[in-house]
Amino acid sequence: MSEPGNAKRRTPPLRRTNVVAGLALVALGAVAFWLTADLAGSRGPLLGPGSLPRAAAGIILGLGVVIAAIGWLYEDDPAARWRLRGPLFLLGSVLVFALLVRTLGLAVATPAAILVGGLASPETRPLEIVIFAVALTAFCIGLFRYALGLPIPIAPWAGL
């Protein structure tokens, strides 16, 4: 017989990684459903601007339910402690891009957003982030401005 001290303690379901992740996806899908409710084609058999977002929201919500159910039924690792560094810097990078793209253009906004986003993890190396920022900026300028012909300012301060 095993001793009570040697028995492995079960992690409560709401503290398991898969349950937490699944419930987060369910919440994301529910919010997406709510935000897209007024788009044309979001209800009924007709296709419209709301069809794809609603379909994506349904897929996300469904996968969230499946992941949470699996996490609830089967023992899983306990969820890690939440850190605010990652979400704050990623949100900051989106805000930096939004604030800079119209005034300073894609050539400044993209690398600035990447540099701020790179601060989200303590494992990032500055040289790698700079190389990635330069490469992704060149790619975005080539794709959005020249390949797709979108009227996104590249560098309004330089006349581009």
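You'll find the structure just up there.
Residues numbered from 1 in each chain as written. Predicted model: local features only at pLDDT ≥ 70, side-chain atom pairs only at ≥ 80, totals over all residues. Heavy atoms only, no water.

1. Observations concerning the side chain of threonine 110
Phase 1 of the analysis: In this fold, threonine 110 is placed in helix α4 (residues 106-118).
Phase 2 of the analysis: Classification of threonine 110 by relative accessible area gives buried; the value is 6%.
Phase 3 of the analysis: Excluding its chain neighbours within four sequence positions, the residues that come into contact with threonine 110 are Phe97 and Thr137. (Helix = DSSP H or I, 4+ residues; strand = E, 2+ residues; numbered from the N terminus. Buried < 20%, exposed > 50% of the residue type's maximum accessible area, 1.4 Å probe, protein only. Contact = heavy atoms within 4.5 Å.)

2. Remarks on a nonpolar patch on the surface
Phase 1 of the analysis: On the surface, a cluster of nonpolar side chains totalling about 770 Å² of accessible area is made up of Leu14, Leu23, Val66, Ile70, Trp72, Leu73 and Tyr74.
Phase 2 of the analysis: When residues of the nonpolar patch are assigned to their parent elements, the largest contribution, four residues, is made by helix α2 (residues 51-73).
Phase 3 of the analysis: Taking relative accessible area as the criterion, leucine 23 reaches 44% and is therefore assigned partly exposed. (Patch = residues over 30% accessible without salt bridge, like charges linked within 9 Å, V, L, I, M, F, W, Y side chains within 5 Å. Areas by Shrake-Rupley, 256 points an atom, 1.4 Å probe, with all protein chains shown as cover. Salt bridge = Lys/Arg side-chain N within 4 Å of Asp/Glu carboxyl O.)

3. Quick notes on helix α1 (residues 17-35)
Phase 1 of the analysis: Between the first and last C-alpha of α1 there are 27 Å, a value that for 19 residues agrees with the 27 Å anticipated at 1.5 Å per step.
Phase 2 of the analysis: Those residues of α1 lying buried are Val19, Gly22 and Gly29. Relative to the axis of α1, the buried residues are bounded by an arc of 90 degrees and lie together on one face. Exposed side of α1, more than 90 degrees from the buried face: Trp34 and Leu35 are the residues found there.
Phase 3 of the analysis: Of the surrounding secondary structure, the elements contacted by the buried residues of α1 are α2. (Expected span 1.5 Å × (residues − 1). Arc of directions from axis to C-beta.)

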